[in-house]
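# Residue-level structural notes
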Amino acid sequence: MPELINPKSRVPELDLPLLGGGQFDIHEAEPENFTLIVVYRGLHCPKCKDQLQAIDPMVEDLKSRGYDIVAVSMDGEARARKARKDWEIENIPIAYDMGLLTAKSWGLFISDKREGSDEPNLFSEPGLFVVKPDGSLYAEYIQNTPFGRPPLDEVANGLDFVVKHDYPTRGTSVA
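Summary of the structure given here. (Residues numbered from 1 in each chain as written. Predicted model: local features only at pLDDT ≥ 70, side-chain atom pairs only at ≥ 80, totals over all residues. Heavy atoms only, no water.)

What follows concerns the overall build of the chain. Looking only at helices and strands, the chain features 5 helices and 9 strands. For 175 residues, the compact-globule estimate of 2.2 N^0.38 gives 16 Å, and the chain sits close to it at 15 Å. The buried share of the chain, reckoned over its 175 residues, is 49%. Look at the contacts in the chain between residues 6 or more apart in sequence, and 65% of them connect residues 24 or more apart. Roughly 9,200 Å² of accessible area belongs to the chain as shown, and the carbon and sulfur atoms make up 48% of that amount. Averaged over its 19 positive side-chain charges, the chain has a centre that lies 3 Å from the centre of its 29 negative ones. (Helix = DSSP H or I, 4+ residues; strand = E, 2+ residues; numbered from the N terminus. Rg over C-alpha atoms; globule rule 2.2 N^0.38 Å. Buried < 20%, exposed > 50% of the residue type's maximum accessible area, 1.4 Å probe, protein only. Contact = heavy atoms within 4.5 Å. Areas by Shrake-Rupley, 256 points an atom, 1.4 Å probe, with all protein chains shown as cover. Lys, Arg positive; Asp, Glu negative; His and termini not counted. Charge placed at Lys NZ, Arg CZ, Asp CG, Glu CD.)

It is worth spelling out the pattern of salt bridges at this point. The full count for this structure, using the stated rule, is 8 salt bridges. When the shortest N-O distance is used, the salt bridge between Asp160 and Arg65 registers 2.5 Å. Of the two residues, Asp160 sits in helix α5 (residues 152–165) while Arg65 sits in the loop between α2 (59–64) and β4 (67–72), which places them 95 residues apart along the sequence. For Arg114, the salt bridge identified is with Glu119, shortest N-O distance 2.8 Å. (Salt bridge = Lys/Arg side-chain N within 4 Å of Asp/Glu carboxyl O.)

This paragraph deals with the nonpolar core. Among the nonpolar cores identified, the biggest contains 32 residues, and Leu36, Leu52, Leu152 and Leu159 are the most heavily contacted of them. The set of elements that each furnish at least two residues to this core consists of β3 (34–39), α1 (46–55), α2, β4, α3 (77–86), β8 (127–131), β9 (137–142) and α5. Among the elements that make up this core, the one with the highest residue count is α5 (5 residues). Those residues in contact with Leu52 that lie beyond four places of it in its chain are Val38, Tyr40, Ala71, Trp87, Ile89 and Ile92. (Core = buried A, V, L, I, M, F, W, Y, C linked by side-chain atoms within 4.5 Å.)

The next point concerns a negative patch on the surface. Where like charges cluster on the molecular surface, the negative patch consists of Glu13, Asp15, Glu28 and Glu30. Structurally, the position occupied by Glu13 is in the segment before β1 (15–17). (Patch = residues over 30% accessible without salt bridge, like charges linked within 9 Å, V, L, I, M, F, W, Y side chains within 5 Å.)

Glancing now at the sheet that holds strand β5 (residues 94–95). Ordered by their spatial adjacency, 5 strands build an open sheet running β5-β4-β3-β8-β9, and the pairing between neighbours is mixed. A single partner strand is all that each edge strand has here, and the edge strands are β5 and β9. As judged from the 6 bridges shared by β3 and β4, these two strands associate in the parallel manner. For Ile37, the partnering residue across the bridge sits in β4 and is Val70. (Pairing = 2+ DSSP bridges.)

Let's shift gears to the packing of aromatic side chains. Overall, the coordinates contain 5 aromatic pairs when judged by the stated rule. Ring geometry for Phe34 versus Tyr138: centroids 5.3 Å apart, planes at 55 degrees, classification tilted. Placement of Phe34 in strand β3 and of Tyr138 in strand β9 is noted, with a sequence separation of 104 residues between them. Across the pair, exposure class does not vary: Phe34 and Tyr138 are buried alike. Where Trp106 meets Phe129, the ring centres are 4.8 Å apart and the plane angle is 75 degrees; that geometry is what we call edge-to-face. Taken together, the residues Trp106 in the loop between α4 (100–105) and β6 (110–112) and Phe129 in strand β8 connect sequence positions 23 residues apart. (Phe/Tyr/Trp six-rings, centres within 6.5 Å; stacked < 30°, edge-to-face > 60°.)

With that out of the way, let us pick up the environment of Asn33. Positionally, Asn33 belongs in the loop between β2 (23–25) and β3. Apart from the residues lying within four places of it in its own chain, the contact partners of Asn33 are Arg65, Gly66, Tyr67, Val131, Lys132, Pro133 and Val163. In this structure the side chain of Asn33 is engaged in a polar contact, spanning 2.9 Å, whose partner is the backbone oxygen of Arg65. (Polar contact = N/O pair within 3.5 Å; in protein donor to acceptor, adjacent residues only side chain to side chain.)

In structure tokens:
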């Protein structure tokens, strides 16, 4: 079973190439409030397509609220580029080539290709990470299936409350 990242702890490295050029490095990110990292399973996943298509029109609104966002997968550049094109993703920055060890360091579940599918040999299951500007984890939503992802608009509305009321990171008791 993957090990979760403890809330308030510094998140692991995540330094990946972006479609269109440049790099996404979580430890170089400078969001006003939070960086939202949406880990998707890859081109083969229709639920990922639905999720990213739902998020894509929200990107400018999220930015105006102080939330940077990036979509990340273990797909290589060609598959990530095909997903962006086929899914008509125009606004979400897409990072690719997340390695197996990086995915595991983030506590993501890893799946093997199903026989006869168009899945890659190995891929991560979905996750959503909310990272504070200091590089510490505020919240994580990790799944071992493609179903039941938290709607990003609900997460963002909750984060608005966090920002407005300086609501603390939860789940940090040593009890």
